[in-house]
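# Architecture at a glance
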Amino acid sequence: MQIKQIWSYIPEHIVPIRELSEVLGLNNAQTKVLEKIHGLKQVRQDRDGDLISLLGRVLTQVVNNPEVDPDSIKYIIYCHTIQENFPFPMKVLQALKRAYGLQHVIAFSLTQQNCASGLIALDVAETLLPSLEADDHILILTGEKTFSPIVQLIPNTTVMGEASAAVLVGNKGDGSRVVGLTSITLGQYCNVLTGTPRYSGNFRRYTSPAM
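Small disclaimer: the values here were computed from a predicted structure and weren't measured.

## Some details on the pattern of salt bridges
Throughout the structure, instances matching the rule amount to 4 salt bridges. One salt bridge in this structure joins Asp48 and Arg57, with 3.5 Å as the shortest N-O distance. The class of Asp48 is exposed, set by a relative accessible area of 61%. Measuring nitrogen to oxygen at the nearest pair gives 3.2 Å for the salt bridge that ties Lys145 to Glu162. With Lys145 in the loop between β6 (137-143) and α6 (149-152) and Glu162 in the loop between β8 (158-159) and β9 (164-170), this pair connects stretches of sequence that are 17 residues apart. Considered together, Lys145 and Glu162 belong to a single accessibility category, that of buried residues.

## Some thoughts on the side chain of Gln45
If you trace the backbone, Gln45 turns up in the loop between β3 (42-44) and α3 (51-63). Beyond its immediate chain neighbours, meaning those up to four positions away, Gln45 contacts Pro11, His13, Val15, Leu20, Gln152 and Glu162.

## Topic: the sheet that holds strand β4 (residues 73-79)
A sheet is described by the order of its strands in space; here 6 strands give the open sequence β5-β4-β6-β9-β1-β10, paired in mixed fashion. Two strands in the sheet have a free side with no partner beyond their single neighbour: β5 (106-110) and β10 (176-177). Inspection of the sheet shows β4 paired to β5 by 5 bridges, in the parallel sense. Counterpart to Cys79 in the pairing with β5 is Leu110. Where helix α4 (residues 92-99) meets the sheet, it contacts β4, β5 and β6, and its direction lies at approximately 145° from that of β5. Its contacts with the sheet put helix α5 (residues 117-128) on β4, β5, β6 and β9, and the angle it makes with β4 is roughly 155°.

## Regarding the packing of aromatic side chains
By the definition in use, this model includes 1 aromatic pair. Plain terms: the ring middles of Tyr75 and Phe108 are 6.4 Å apart, the flat faces sit at 80° to each other, and that makes the pair edge-to-face. Of this pair, Tyr75 sits in strand β4 while Phe108 sits in strand β5; the two residues are 33 residues apart in sequence, bridging distant segments of the chain.

## Some words on the pairing of strand β1 (residues 2-9)
Of the strand pairs in this sheet, β1 and β9 are connected by 7 bridges, and their pairing is antiparallel. Within β9, the residue paired with Gln2 across the bridge is Gly170.

## Things to note about the environment of Lys91
Note that Lys91 resides in the loop between β4 and α4. Here Lys91 falls in the exposed class, since its relative accessible area comes to 55%. Sequence separation between Lys91 and Ile52 is 39 residues; the distance between their C-alpha atoms is 9.2 Å.

## A few points about the packing of helix α1 (residues 17-24) against helix α2 (residues 28-37)
Between α1 and α2, whose axes approach to 10 Å, the crossing angle comes to 140°. Here α2 runs oblique to α1, going by the angle between their axes. As for the relative orientation of α1 and α2, their crossing is right-handed in sense. Along its contact with α1, which presents Ile17, Arg18 and Ser21, the element α2 presents Asn28, Thr31, Lys32, Leu34 and Glu35. Looking at side-chain class alone, the contact of α1 with α2 contains 2 nonpolar, 3 polar and 3 charged residues.

## What about the pairing of β9?
Summarising burial for β9: 6 of the 7 residues are buried, a large majority. When β6 meets β9, the two strands line up antiparallel, connected through 7 bridges. When the sheet's bridge partners are listed, Ile140 is paired in β9 with Val167.

Cut-off values and rules
Residues numbered from 1 in each chain as written. Predicted model: local features only at pLDDT ≥ 70, side-chain atom pairs only at ≥ 80, totals over all residues. Heavy atoms only, no water. Salt bridge = Lys/Arg side-chain N within 4 Å of Asp/Glu carboxyl O. Buried < 20%, exposed > 50% of the residue type's maximum accessible area, 1.4 Å probe, protein only. Helix = DSSP H or I, 4+ residues; strand = E, 2+ residues; numbered from the N terminus. Contact = heavy atoms within 4.5 Å. Pairing = 2+ DSSP bridges. Axes fitted to C-alpha atoms, helices over the stretch in contact; angles between N-to-C directions. Phe/Tyr/Trp six-rings, centres within 6.5 Å; stacked < 30°, edge-to-face > 60°. Parallel < 35°, antiparallel > 145°, perpendicular 65-115°, else oblique. Left-handed = near helix turned anticlockwise from the far one by under 90°. Nonpolar A, V, L, I, M, F, W, Y, C, P; charged D, E, K, R; others polar.

As structure tokens, this is what we get:
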């Protein structure tokens, strides 16, 4: 499998973490931990639109790239951490396919692996590619809106910003060849946002060594 190209969209609007302290329910000590221990002093926010707009910013780069034939894209794998990241009855992938001339594409989401879903998508893409023609591609898409304090904050760990990215993979040609993929699932931490303080403490203690 070859990683052919990578595109990204990073909003220009910057928000200091201290400005978010009240809405996120952070006291001064917690804010200092994020700033001084984790080195997180600011995040980016896209204030110009909804989720479709955020993802569209990077899809525009894909379809307008002269080196990419949109007809060669056979799958879109949309990766997101928040399982329900847009309201019913909005259909994000269908709207994006119509807007960018990708109606022929099979599109689906990966979300059960949370923030590692993008890495799992590479594994899924590697499985799908042998069924495609040599010049066909798969597009891995990611990006989310931090629409609530509940999804914006992982306590004592990080504050989420907003951005989007796309990765085009294929069977052959120029690009970076993927030589191996390995992942380990620690299912005991699936409820890290709703667990007990001891549970959350164990998550923070073992996350970095496990990586």
